[in-house]
Structures are given as structure tokens and as C-alpha cells.
Amino acid sequence: MKNRPPTVKLPIPPEKIDGQTVTFRPVRDGIDLEVSGVMQVIEDANGFNVNASYIVSQNPPLSRVYWFDQSEIDAIARSELGEKRRILIVDDDRESTHVVKVLLERTGRYLVLEENDAAKAHQSAQNFRPDVILLDIMMPGTDGGEVTAQIEADPELQSTPIIFLSALVTKGEAKGGLRIQGHPYLAKPINIPELINGIEENLPAHGTQER
């Protein structure tokens, strides 16, 4: 590896992750697919270096070592601690957001924050630090496009996945894989199983989101 491995601080004891098998996406290696590897923790003068070896191909056999950065380690630590993934839903329809919040939290996998004032969405995201943002497109005052621009201009939030929610597209169009401003979207009215699938597909796999 040309560059020095990132030095990270471990938010949990090293033995909690050393030797553990983790599923991740080695995106900095140019691979946007989930792979599995065994984690190795190496103590550094200023902290720790953490890596995992993964298989690139079977024939011929080829493996690589991926070095995790701080945001990736933080995500892995949250997973080890069983922390729920944080979902921010931004929609001016209070009844709709409340129903979605209740149904998502009922799964036991998510912590959901509702924001019904799009003008406050950026601040809410800064405070809540969501893993995924569910964002209505058509809202009074500040629309979904403006909120997206604010999120993408924020260095600490710009890599947060955004899923648009829109009544302007059909279920067929949504399933066709089209994207709005580069982001996936789901058609309203929201189908909860489809929403959960969309969230899980866009959640950073353990250790992929860079903030």
C-alpha cells in the first residue's frame, strides 16, 4: 500500500473487534461490493491501525488488505455495541412521518427522528447524525432539492445516503432504478417493506461511511 495506514482511535476495547469477521465494502480500493474479512488490530504510537484481508478472486487466488479509517471503525464499533441505525425522515406531512417512525422503530433496528420543517432539516441532521435520510421532494418553502444541496455541502454530512420520497413518480418508475439528483427514490404512498429494503440497501455496510 502506497499510503500509510490510517491511525484510528478505538471507541471500544481492541479485543472486541480483533479477530472478528466483518462484512464491508472496500470502496477506496475501487470495489463497491460487500466482502468479508477477519479484522486485525495493530497498536500504533498515536493509536491503532486496523485492517482486514479479503479475497478479490479465486482463480487465480488474489487477496488484498483493507485499512479502515476512523469513520469506518466508528461504524463497526456501533454495530458491535448493537446500536440502532439512525434514520432522519424529512416530510411536511406529520401524520405520514409519525406512521413511518412507529413502523420502522417497531422492527427494533432503527431509531427514527421526524422533521416536519424542511428549513430545519440540515440542523436536525447535524444534531442527529443519521445513517440514512428519507427526504420528501415537494415541501413548502424549502424543497427536497434545497435540503439535499445543504447536506451535500456539509463536509460532515455529505456522504450520508439520501432516499427521496415522492408522489410524483410511479412504483414502476421507482423499481426501474432511476435516480433523482443521483439518489434513489421511493414512490408514495410508502410501502414499509419496500422502505426497509431501500434503507438496508443504502445503509453504509459496517465501516464504509466516511464523515
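Conventions and cut-offs
- Residues numbered from 1 in each chain as written.
- Predicted model: local features only at pLDDT ≥ 70, side-chain atom pairs only at ≥ 80, totals over all residues.
- Heavy atoms only, no water.
- Pairing = 2+ DSSP bridges.
- Helix = DSSP H or I, 4+ residues; strand = E, 2+ residues; numbered from the N terminus.
- Axes fitted to C-alpha atoms, helices over the stretch in contact; angles between N-to-C directions.
- Contact = heavy atoms within 4.5 Å.
- Buried < 20%, exposed > 50% of the residue type's maximum accessible area, 1.4 Å probe, protein only.
- Right-handed = clockwise from strand over helix to strand, strands pointing away.
- Salt bridge = Lys/Arg side-chain N within 4 Å of Asp/Glu carboxyl O.
- Arc of directions from axis to C-beta.
- Polar contact = N/O pair within 3.5 Å; in protein donor to acceptor, adjacent residues only side chain to side chain.

A.B. asks: Where do I start with the sheet that holds strand β8 (residues 162-166) in this structure?
C.D. replies: One key point about sheets: their strands pair by backbone hydrogen bonds, in either a parallel or an antiparallel sense. The strand order β6-β5-β7-β8-β9 describes an open sheet built from five strands, whose pairing is parallel. Two strands lie at the open edges of the sheet, namely β6 (110-115) and β9 (185-187), each paired on one side alone. For this sheet the average axis-to-axis angle between neighbouring strands, irrespective of direction, equals 20 degrees. Relative to strand β7 (residues 132-136), strand β5 (residues 85-90) is paired through four bridges, and the arrangement is parallel. By the bridge assignment, Ile-89 is partnered in β7 with Leu-134. Those strands touched by helix α3 (residues 121-128) are β5, β6 and β7, and its axis lies near 170 degrees from that of β5.

A.B. asks: Which parts of the structure should I look at to understand the pairing of β7?
C.D. replies: Walk down a regular strand and you will see the side chains alternate between the two sheet faces. Counting buried positions along β7 gives five out of five residues, so the element sits mostly inside the fold. Neither face of β7 is exposed, since Val-132, Leu-134 and Asp-136 on one face and Ile-133 and Leu-135 on the opposite face are all buried. Where β7 and β8 come together, four bridges link them in parallel fashion. Following the sheet pairing, Asp-136 is matched in β8 by Leu-165. In the classification by handedness, the crossover that spans β7, the intervening helix α4 (residues 144-152) and the parallel β8 is right-handed.

A.B. asks: I keep staring at the pattern of salt bridges and nothing clicks. Help me out?
C.D. replies: Two side chains of opposite charge can pair, provided their charged atoms sit close to one another. Applying the stated criterion across every chain yields a total of nine salt bridges. With a shortest N-O distance of 2.7 Å, Lys-188 and Asp-91 are connected by a salt bridge. Linking Lys-188 in the loop between β9 and α6 (192-202) with Asp-91 in the loop between β5 and α2 (94-105), this pair joins segments that are 97 residues apart in sequence. Residue Arg-109 is joined to Glu-200 by a salt bridge in which the shortest nitrogen-to-oxygen separation is 3.2 Å. Residue Arg-109 is located in the loop between α2 and β6, and its partner Glu-200 is located in helix α6; the two are separated by 91 residues in the primary sequence. Look at Arg-109 and you get partly exposed, because its relative accessible area is 40%. A single network of salt bridges, built from pairs that share partners, joins Arg-28, Asp-69 and Glu-72.

A.B. asks: Can you help me understand α6 in this one?
C.D. replies: Turn by turn, an α-helix covers 3.6 residues, leaving residues three or four places apart pointing in a common direction. Every buried residue belonging to α6 is among Ile-192, Leu-195, Ile-196, Gly-198 and Ile-199, and all of these are buried. Buried residues of α6, seen end-on, are gathered within an arc of 160 degrees and therefore sit on one face of the element. Exposed and facing more than 90 degrees away from the buried side of α6 are Pro-193 and Glu-201. In this fold, the buried residues of α6 make contact with β5, α2, β6, β7, β8 and β9. One side-chain oxygen at the N-terminal end of α6 lies 3.0 Å from the backbone nitrogen of Glu-194; it belongs to Asn-191.

A.B. asks: Got a minute to help me understand the sheet that holds strand β1 (residues 21-24) in this structure?
C.D. replies: Spatially, the four strands line up as an open sheet ordered β1-β2-β3-β4, and their pairing is antiparallel. Of all the strands in the sheet, just β1 and β4 (61-67) have a single pairing partner and so form its edges. Neighbour-to-neighbour, the strand axes of the sheet open up by a mean angle of 40 degrees, direction not taken into account. Across seven bridges, the pairing between strand β2 (residues 35-44) and strand β3 (residues 47-58) is antiparallel. For Val-38, the partnering residue across the bridge sits in β3 and is Ser-53.

A.B. asks: Help me understand the side chain of Asp-91, please; the structure alone is not making it clear to me.
C.D. replies: Relative accessible area serves as the criterion here: at 1%, Asp-91 is assigned to the buried category. A distance of 2.7 Å separates polar atoms of two side chains, one belonging to Asp-91 and the other to Lys-188. Apart from residues no more than four positions distant in its own chain, Asp-91 is found in contact with Ser-96, Thr-97, Glu-115, Asn-116, Asp-136, Met-139 and Lys-188.

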